[in-house]
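The primary structure of each chain is shown beneath.
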Amino acid sequence: MTQRRPVLVVLFDGVQSLDVTGPVEVFTGAARAAGRPDAYAVRTASSDGGPVRTDSGLTLLPDTSLDAAVADGPPHTLLVPGGGGTRRPDPALVAWLRAHAPGAARLVSVCTGALLLAEAGQLDGHRATTHWSACELLARRHPAVTVEPEPIFVRDGRVATSAGVTAGIDLALALVEEDLGREAALTVARHLVVFLRRPGNQAQFSAQLAAQTARREPLRDVQSWIAEHPGADLSVEALAARARLSPRHFARAFRAETGVTPGRYVDRVRLEHARRLLEETARGVEEVARTAGYGTPEAMRRAFVKALGTAPADYRRRFHTPVRDHAPVL
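Here we summarise the structure given alongside this text.

How each quantity is defined
Residues numbered from 1 in each chain as written. Predicted model: local features only at pLDDT ≥ 70, side-chain atom pairs only at ≥ 80, totals over all residues. Heavy atoms only, no water. Helix = DSSP H or I, 4+ residues; strand = E, 2+ residues; numbered from the N terminus. Buried < 20%, exposed > 50% of the residue type's maximum accessible area, 1.4 Å probe, protein only. Contact = heavy atoms within 4.5 Å. 1 Å grid on protein atoms, 1.4 Å probe; cavity = no way out; pocket = protein on both sides within 12 Å on 5 of 7 lines; lining within 4 Å. Points joined across faces, edges and corners; volume = space filled by probe spheres on them. Nonpolar A, V, L, I, M, F, W, Y, C, P; charged D, E, K, R; others polar. Pairing = 2+ DSSP bridges. Axes fitted to C-alpha atoms, helices over the stretch in contact; angles between N-to-C directions. Phe/Tyr/Trp six-rings, centres within 6.5 Å; stacked < 30°, edge-to-face > 60°.

1. Structural notes on the side chain of Thr-64
Consideration 1: Turning to its location among the elements, Thr-64 is positioned in strand E5 (residues 64-65).
Consideration 2: Residue Thr-64 is classed as buried on the basis of its relative accessible area, which comes to 16%.
Consideration 3: Once you skip the residues sitting within four places of it in the chain, Thr-64 turns out to touch Arg-43, Thr-44, Ala-45, Ser-46, Gly-49 and Ala-69.

And the structure:
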């Protein structure tokens, strides 16, 4: 008999509505897809059981109060969403989490909900992530937490944390796949018109967004040229010549204005380009490696294993979505 997994979603004033509704839609939809409407018993609860006002001004009416929700025992999955209300957390809510979160079999946060879990001491000794804008704050306030700013979600034992908004859907799909199997997760992903599923170690930003945009036009032009020509000679010397700077001056200026070295930026662009080709086209691994600038499949394999923990062929098997097999790739 399939295990029944009660899911309790914590509500509070200033919650981000999509952090709540995204995972709720995934869990309830997956239960229907699996033909087990009772697979997840999803409930929402606020401190006193009263309505809460979201960041966007919507009013959410919870099912019950937090204390009543755990009167018959802890939930299997305790989910803490994010939102503006996490920046100055309600002491009563933090105290409730400190008392009751340890009883949950699985502890999940979406976006800045990680700040609430950390304030309650539930992330100490764990790896965790949160929305990119709050990673520095989480690390500064809670040095016992190992903050990983790049992944869209992080699993560390019974604790699962995710980045902003839509990353909560990715994490919920990953949990559904773990609980009910890939078919149930795939069905609900199709229903919600989302990919099944972005891997947790996918970066919160594309390479271009992850780095700052350079202020000076020659460096901005170089950034754009790298993205458009990942297979070209992207050595510091070649890029410096394009910017009409000496290699030393170029490397120093590029890092100062973008926050990353030219080599690191090129690595990110090439990896992103290769991933997109593997996900969206039927090109062979050798062609992908050449087009993305790796030169050989082995060089690309090493880059994938280092950054993603998986080989290109395995990555394609899991994430290939043939929606652009006949579209030109620029």
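2. Comments concerning the layout of surface pockets
It is the rolling of a water-molecule-sized probe over the atoms that shows where space remains empty.
Consideration 1: Its boundaries defined by the atoms lining it, the second largest pocket holds a volume of some 190 Å³.
Consideration 2: Along its surface, the second largest pocket is lined by 14 residues, and Leu-11, Phe-12, Asp-13, Ser-47 and Asp-90 are the ones closest to its centre.
Consideration 3: Its residues placed into classes, the lining of the second largest pocket shows 6 nonpolar, 4 polar and 4 charged.

3. Notes on the sheet that holds strand E6 (residues 77-80)
Consideration 1: Spatially, the 7 strands line up as an open sheet ordered E5-E2-E1-E6-E7-E11-E10, and their pairing is mixed. For this open sheet the edge positions go to E5 and strand E10 (153-156), each flanked by a neighbour on one side alone.
Consideration 2: With 4 bridges joining them, E6 and strand E7 (residues 106-109) adopt parallel strand pairing. Bridge pairing links Leu-78 to Leu-107 in E7.
Consideration 3: Each of strand E1 (5-10), strand E2 (40-46) and E6 is contacted by helix H1 (residues 17-33), which is oriented at about 155° to E2, the strand it contacts most.

4. Structural notes on the environment of Asp-170
Consideration 1: Within the secondary structure layout, Asp-170 lies in helix H6 (residues 166-180).
Consideration 2: With 144 residues separating them along the chain, Asp-170 and Val-26 place their C-alpha atoms 9.3 Å apart.

5. Section: the packing of aromatic side chains
Consideration 1: Evaluated as defined, the whole model comprises 4 aromatic pairs.
Consideration 2: Measuring from centroid to centroid gives 5.6 Å for Phe-254 and Tyr-265, while their planes differ by 70°, and the two rings are edge-to-face. You can see Phe-254 sitting in helix H11 (residues 247-258) and its partner Tyr-265 sitting in helix H12 (residues 262-280), a full 11 residues away along the chain. Across this residue pair, the class does not change: Phe-254 and Tyr-265 are buried.

Spatial relationships are all this shows, so hold off on functional conclusions.
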